[in-house]
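Descriptive analysis of the structure
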Number of protein chains: 2
Amino acid sequence: MVSKNQKKLIKSLYQKKYRKQHGLFVAEGKKVIKELLEAGMKLHSLFTLDPNIFDIPTSCEYEINKEELKQISFLTTPQVALAIFYIPETKKVTLDHLILALDDVRDPGNLGTIIRLCDWFGIKDLICSDQTVDCYNPKVIQATMGSITRVNISYVDLKEFLTDKVGVLKVFGTFMDGNSIYAEELPEQAIVIMGNEANGISKDVQDIIEHQITIPQFGASKETESLNVATATAIVLNEFRRS
Amino acid sequence: MVSKNQKKLIKSLYQKKYRKQHGLFVAEGKKVIKELLEAGMKLHSLFTLDPNIFDIPTSCEYEINKEELKQISFLTTPQVALAIFYIPETKKVTLDHLILALDDVRDPGNLGTIIRLCDWFGIKDLICSDQTVDCYNPKVIQATMGSITRVNISYVDLKEFLTDKVGVLKVFGTFMDGNSIYAEELPEQAIVIMGNEANGISKDVQDIIEHQITIPQFGASKETESLNVATATAIVLNEFRRS
């Protein structure tokens, strides 16, 4: 059974403000929940159609029926279970490796894909501007497929964060009209910034960037849309790692 | 106004079977419709809240109200207009360049992103297995942002298509355990195959592939999910083009 208070809590966690207030987030589906448990994420409570699929203390497990799951799920097709986890503490950012920074990425699907890419390319620290979509947004959690447990994600005032780092690390940013990424020397330790879906990197942050890079376009048409930020991130991280 | 028959036609076009039968597809939103018109796609009819935004013959234009648009739109937030276009004829595939082939890619968002990538990287021919999601699916059309007009997309029996080409062109396929794509010589003229979201490249097609390639993983974790097919395509096309 799900109590009225539990329902209220779960619904509230679809809003960033209440996630922050409670220090909790929601994950759904057997696979995602299992990955989060295996990675050592601290469980608050779990609501499941089938209590046999998770090996967890019974004190935080609640057996529910399909109707109840439908009421608390944010998915169009609810899966077998919904869990509430504690938001882990952010670790200190270390500067001895490649760091990815996002300036105001708004789409949860894009952020989810980018977190998976960080996991693939061994990027330990992902820095997000305060305006970037919250990584504990349920849509992001579903899109990351558990890789959120292997990437340390920090929300910061990006301009302030970068200001200290210039001089210590090379700062790269992606632009429509920068230097070809193929021609640039891409160091192992650096910060690389990807911008907002519609507007790219903000003016404030642009001023701090030393190296403006671009993924060359091979199609001839002027009408071609710029690459989506998630696919551009895939190419940029691949370029840094291959070199 | 939208007549009963027009409504019926539009609704039917959300199904592949009827798109094929009528030779028509639906596009929504000012930007997408404008791009399709500018690229010379043949218009069947257009339903719009504001008849001033498109420069088209009045005989195929219908002014409608918000309520009517909501009834015919497949978007959660309907935009200003919905258009029906004729599906263009597929051109013959030419073999003197890099060709991308998809083996059973099912997600419309992934196909849309891949078509945009083809446009960016100047890939003229995209070959899709018959099981791949239809490129005139409304979700694909919305995701391509008009780049569908600059890529020639053919649906084929992929095994049969490839069987003739082996010997003429080098055939590459992406696998979890192939050779590092960084170490392979990637020719300007070739076919490169991407597989299904869950199962990769099918057994039948695997047998024909001469060069099994892989995007190296840099993260240490075994739990890391494989890259999403759209982000993997971004990296693969970038690797072929940069070399």
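What counts as what
Residues numbered from 1 in each chain as written. Chains lettered and ligands numbered in written order. Predicted model: local features only at pLDDT ≥ 70, side-chain atom pairs only at ≥ 80, totals over all residues. Heavy atoms only, no water. Helix = DSSP H or I, 4+ residues; strand = E, 2+ residues; numbered from the N terminus. Buried < 20%, exposed > 50% of the residue type's maximum accessible area, 1.4 Å probe, protein only. Pairing = 2+ DSSP bridges. Axes fitted to C-alpha atoms, helices over the stretch in contact; angles between N-to-C directions. Contact = heavy atoms within 4.5 Å. UniProt positions renumbered as here; feature names shortened; annotations may be inferred. Phe/Tyr/Trp six-rings, centres within 6.5 Å; stacked < 30°, edge-to-face > 60°. Lys NZ or Arg CZ within 6 Å of the ring centre and 35° of its normal.

1. As for unusual backbone geometry
Residue and element names in this part refer to chain A. Positive phi, normally seen in glycine, also occurs at Asp 104, with a value near 70°. Along the polypeptide, Asp 104 turns up in the loop between strand E5 (98-102) and helix H5 (108-120). We classify Asp 104 as buried; its relative accessible area is 17%.

2. A word on the sheet that holds strand E7 (residues 152-156) of chain A
Sheets are built from strands paired through backbone hydrogen bonds, the pairs being either parallel or antiparallel. All names here are of chain A. In spatial order, the strands read E7-E6-E5-E9-E8-E10; together these 6 strands make up an open sheet with parallel pairing. Two strands lie at the open edges of the sheet, namely E7 and strand E10 (211-214), each paired on one side alone. Averaged over all pairs of adjacent strands, the angle between strand axes in this sheet comes to 30°, irrespective of strand direction. The sheet contact formed by strand E8 (residues 170-180) and E10 spans 5 bridges and is parallel. Of the residues in E10, the one forming a bridge with Gly 173 is Gln 212. Strands E5, E8, strand E9 (190-194) and E10 of the sheet are contacted by helix H9 (residues 229-242), whose axis makes an angle of about 160° with E9.

3. Let's talk about the UniProt feature "domain: MRM3-like substrate binding" (unreviewed entry) in chain A
Per the UniProt record, "domain: MRM3-like substrate binding" (unreviewed entry) is found at residues 8-83 of chain A. The distance separating the terminal C-alpha atoms of residues 8-83 of chain A is 14 Å; by composition the span is 37% helix and 22% strand.

4. Overview of the packing of aromatic side chains
All names here are of chain A. Taken as a whole and judged by the stated rule, the model has 12 aromatic pairs over all chains. Taken together, the ring pairs connect Phe 25, Phe 85 and Tyr 136 into an aromatic cluster. Here the guanidinium or amino end of Lys 42 rests over the ring plane of Tyr 86, the centre of that ring lying 4.5 Å away.

5. Here's the deal with the pairing of E5(A)
Residues and elements named next belong to chain A. Burial analysis of E5 places 5 of its 5 residues in the buried class, which makes it a mostly covered element. Both faces of E5 are covered, namely the face carrying Leu 98, Leu 100 and Leu 102 and the face carrying Ile 99 and Ala 101. Here E5 runs beside E9; their pairing, made up of 5 bridges, is parallel. If you follow Leu 98 over to E9, its bridge partner there is Ala 190.

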